[in-house]
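# Structure assessment
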Amino acid sequence: MSEHQVEVIVCINPYDLCRKLIGAKYFYEGFVNKYGRRKHIVDTARDYNGHGTHTLSTAGGNFVPGASVFGMYNGTARGGAPKARVSAYKVCWPACQDADILKAFDHAIDDGVDIISISMSGVKSNYYDSAIAIGAFAAVKHGITVIGAGGNDGPTPGTIENTAPWIITVGASTIDRDITADVHLQNGVRLKGKSLWRGVSDGRMYPLVRGEDARTHSGSPVNASACEPGSLDPNKVKGKILVCLDGSVSPMLKGETAVGAGAVGMIICNHPTSTDVNIHHHVLHTRSNGFNYIHQGRAWVKPAPVVADFSSRGPNKNTPEILKPDFIAPGADIMAAFTEAQSPSLLPSDVRRTKYAFMSGTSMACPTAAGVAALLKAIHPHWSPAAIRSALMTTATRLSNTNRPILDGTSSFEGTPFTYGAGLIRPNLAADPGLVYDLSLRDYEMFLCAIGYNQTIMKTFTNNYTCPLVKPNISNFNYPSITVPPLSTGSSVTVSRVLKNVGSPGTYVAQIHQPLGVLVSVPKPICNLQRVGKSSS
């Protein structure tokens, strides 16, 4: 994932008695011990990157009328839980060290937060090697719900991160609105894309030039095709629209290279298999003459959502029996607050500043879900973190706005639980799920025993638990999803789950949608629960 400056902690405050930002702390001892004191280590929790400001406001930003990006897309901005109080804990400089992450968790727990939203991750083969997993376990022990970003290494299978079952793992989806930008060619062809620029028509058509055709005399065609710095000959680019291939360097750096070479415009072409086109804050349109090849506007999109191409996919390599991600939430082209200590392009040469910006990633989906979790905690203050996850998962939808299955962002194929988990969250329905799959601290300790952790490793997470002599069956871990990784032809597996009533008295009937080639049966398909808190297996 990208460099992170500030992570977000959300505190519930239904009465809105205090100011919005009630705390901001920073931790860098771990970084300094490893790398020494660097010039960018400053004694402040201020966000110099923009990532933390964006995620914080997405989770708990208040209602702000007249929000815009460079005067465009005016409207009222708000976070998922606009009346929540928030506190920020800065741990990345830009590298994020385990010691600093764990210290931030300790402070958040001591500060009495209700929800932790952590838009950072890292690949760890064992939970006991992950500071996030260890810190999150401690938080959950104190009844704090921890929401984690699933990572941005999609669409490759098996790349999902933050997979510990006590962390709510969020993948990213697109939304049902696009900021469209069409490229009009002289032969009448119109190419669809995205751009923040409105476009200025001067009645002229401009010639196109591919990056590789505009390379310097000794330049590499591969480098020039990606419009890398120093690869282009200004004499071949000036006054033309430059066509660059995606990848190699950041889109914003391509734009800066195009400006330096004298281009009047730039088109970035994705790989044919990629459907993701994300909005970027290019410098190009602010430094060049007007050109008429782009028509910009807004559009409602169908089908939507789709799983974002960048969103990391399952299966869960650490524990295949636990399905991850848990669900998806909006994470593509999300407009939220941004630091004024940095330009939205993150380029040193860019002097622009804006209070709002667009960003994409599971880092954006994570605080979206965290805001919803904060609302659920306010409505149901006695719900456990597991109950909140269950409510979000069991009320999620696997259908898009076309009433057909959500698509995998990389193709026209339908998504699977490894791409979207339980589906897209639906906040209103999650407030009254009827039944939940609950988990206690003892259940998580039993899980650690089930995956083979010995007493020494167990002490990393808990000091007062000894594994039973008979190893627990991980298939019976009371998770809202059921995953049976070793299932083979002719074999059978029995799993159990316990449901708790958190709604009105009622009778529930199991409905089975079994995967192709698998026979599923429920011995007790009718569940009659007549009081709140009553459980049934």
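Residues numbered from 1 in each chain as written. Predicted model: local features only at pLDDT ≥ 70, side-chain atom pairs only at ≥ 80, totals over all residues. Heavy atoms only, no water.

As annotated in an unreviewed UniProt entry, the chain is Subtilisin-like protease SBT5.4 from Sesamum radiatum. Comment text from UniProt for the chain, heading Sequence similarities (unreviewed entry), reads "Belongs to the peptidase S8 family." (UniProt positions renumbered as here; feature names shortened; annotations may be inferred.)

## What to know about the overall build of the chain
Counting secondary structure elements, the chain contains 13 helices and 24 strands. Taken over C-alpha atoms, the radius of gyration comes to 25 Å for the chain, in line with the 24 Å a tight globule of 537 residues would show. Each of the three principal axes of the chain carries a C-alpha extent, and together these read 75 × 55 × 45 Å. A burial count over the chain gives 51% of its 537 residues as buried. Sequence-distant contacts in the chain: of pairs separated by 6 or more residues, those separated by 24 or more amount to 71%. Total accessible area on the chain stands at roughly 25000 Å², and carbon and sulfur atoms take up 53% of it. When the 49 positive and 38 negative side-chain charges of the chain are each reduced to one mean point, those points stand 3 Å apart. (Helix = DSSP H or I, 4+ residues; strand = E, 2+ residues; numbered from the N terminus. Rg over C-alpha atoms; globule rule 2.2 N^0.38 Å. Buried < 20%, exposed > 50% of the residue type's maximum accessible area, 1.4 Å probe, protein only. Contact = heavy atoms within 4.5 Å. Areas by Shrake-Rupley, 256 points an atom, 1.4 Å probe, with all protein chains shown as cover. Lys, Arg positive; Asp, Glu negative; His and termini not counted. Charge placed at Lys NZ, Arg CZ, Asp CG, Glu CD.)

## Observations regarding the packing of helix 3 (residues 98-111) against helix 4 (residues 131-141)
Remark: helix 3 packs on helix 4, axes separated minimally by 9 Å, with the N-to-C direction vectors making an angle of 15°. By the angle between their axes, helix 3 is roughly parallel relative to helix 4. In this structure, helix 3 meets helix 4 at a crossing whose hand is right-handed. Of helix 4, the residues touching helix 3 (which contributes Asp98, Ile101, Leu102, Phe105 and Ile109) are Ala131, Ile132, Ile134, Gly135, Ala136, Ala138 and Ala139. Its residues placed into classes, the contact of helix 3 with helix 4 shows 10 nonpolar, 1 polar and 1 charged. (Axes fitted to C-alpha atoms, helices over the stretch in contact; angles between N-to-C directions. Parallel < 35°, antiparallel > 145°, perpendicular 65-115°, else oblique. Left-handed = near helix turned anticlockwise from the far one by under 90°. Nonpolar A, V, L, I, M, F, W, Y, C, P; charged D, E, K, R; others polar.)

## Quick notes on the UniProt feature "domain: Subtilisin-like protease fibronectin type-III" (unreviewed entry) in the chain
On the UniProt side, "domain: Subtilisin-like protease fibronectin type-III" (unreviewed entry) is annotated at positions that read residues 476-532 here. In the segment residues 476-532, helix accounts for 0% and strand for 19%; the C-alpha atoms at its two ends are 23 Å apart.

## Remarks on the sheet that holds strand 13 (residues 265-269)
Reading across from one edge, 11-12-13 is the order of the 3 strands in this open sheet, with parallel pairing throughout. Looking at the sheet topology across the chains shown, the edges are occupied by strand 11 (208-210) and strand 13. Neighbour-to-neighbour, the strand axes of the sheet open up by a mean angle of 25°, direction not taken into account. Where strand 11 lies against strand 12 (residues 241-245), 3 bridges are found, and the strand directions are parallel. Within strand 12, the residue paired with leucine 208 across the bridge is isoleucine 241. (Pairing = 2+ DSSP bridges.)

## Describing the environment of cysteine 92
When you line up the elements, cysteine 92 lands in the loop between strand 5 (85-90) and helix 3. Measuring from C-alpha to C-alpha, the distance between cysteine 92 and phenylalanine 31 comes to 8.1 Å, with 61 residues separating the pair along the chain.

## What to know about the state of the cysteines
A disulfide bridge is the covalent bond that connects two cysteines by way of their sulfur atoms. Taken as a whole and judged by the stated rule, the model has 3 disulfides. Linked covalently through their sulfurs, cysteine 92 and cysteine 96 form a disulfide whose S-S length is 2.0 Å. A torsion of 110° about the S-S bond marks the disulfide between cysteine 92 and cysteine 96 as right-handed. Judged by its relative accessible area of 0%, cysteine 92 falls in the buried class. Cysteine 96 gets classed as partly exposed once you look at its relative accessible area, which sits at 27%. Residue pairing for cysteine 449: its cysteine sulfur links by disulfide to cysteine 467, the two sulfurs lying 2.0 Å apart. Its torsion about the S-S bond being -90°, the disulfide of cysteine 449 and cysteine 467 is classed as left-handed. Here cysteine 449, found in helix 12 (residues 441-450), pairs with cysteine 467, found in the loop between helix 13 (455-458) and strand 21 (499-501); they are 18 residues apart in sequence, far enough to count as distant. Given a relative accessible area of 22%, cysteine 467 falls into the partly exposed group. Numbered by position along the chain, the disulfide-linked cysteines of the chain connect as 1-2, 3-4, 5-6. For cysteine 269, which is in no disulfide, the shortest distance to another cysteine sulfur is to cysteine 244 and amounts to 8.1 Å. (Disulfide = S-S within 2.5 Å.)

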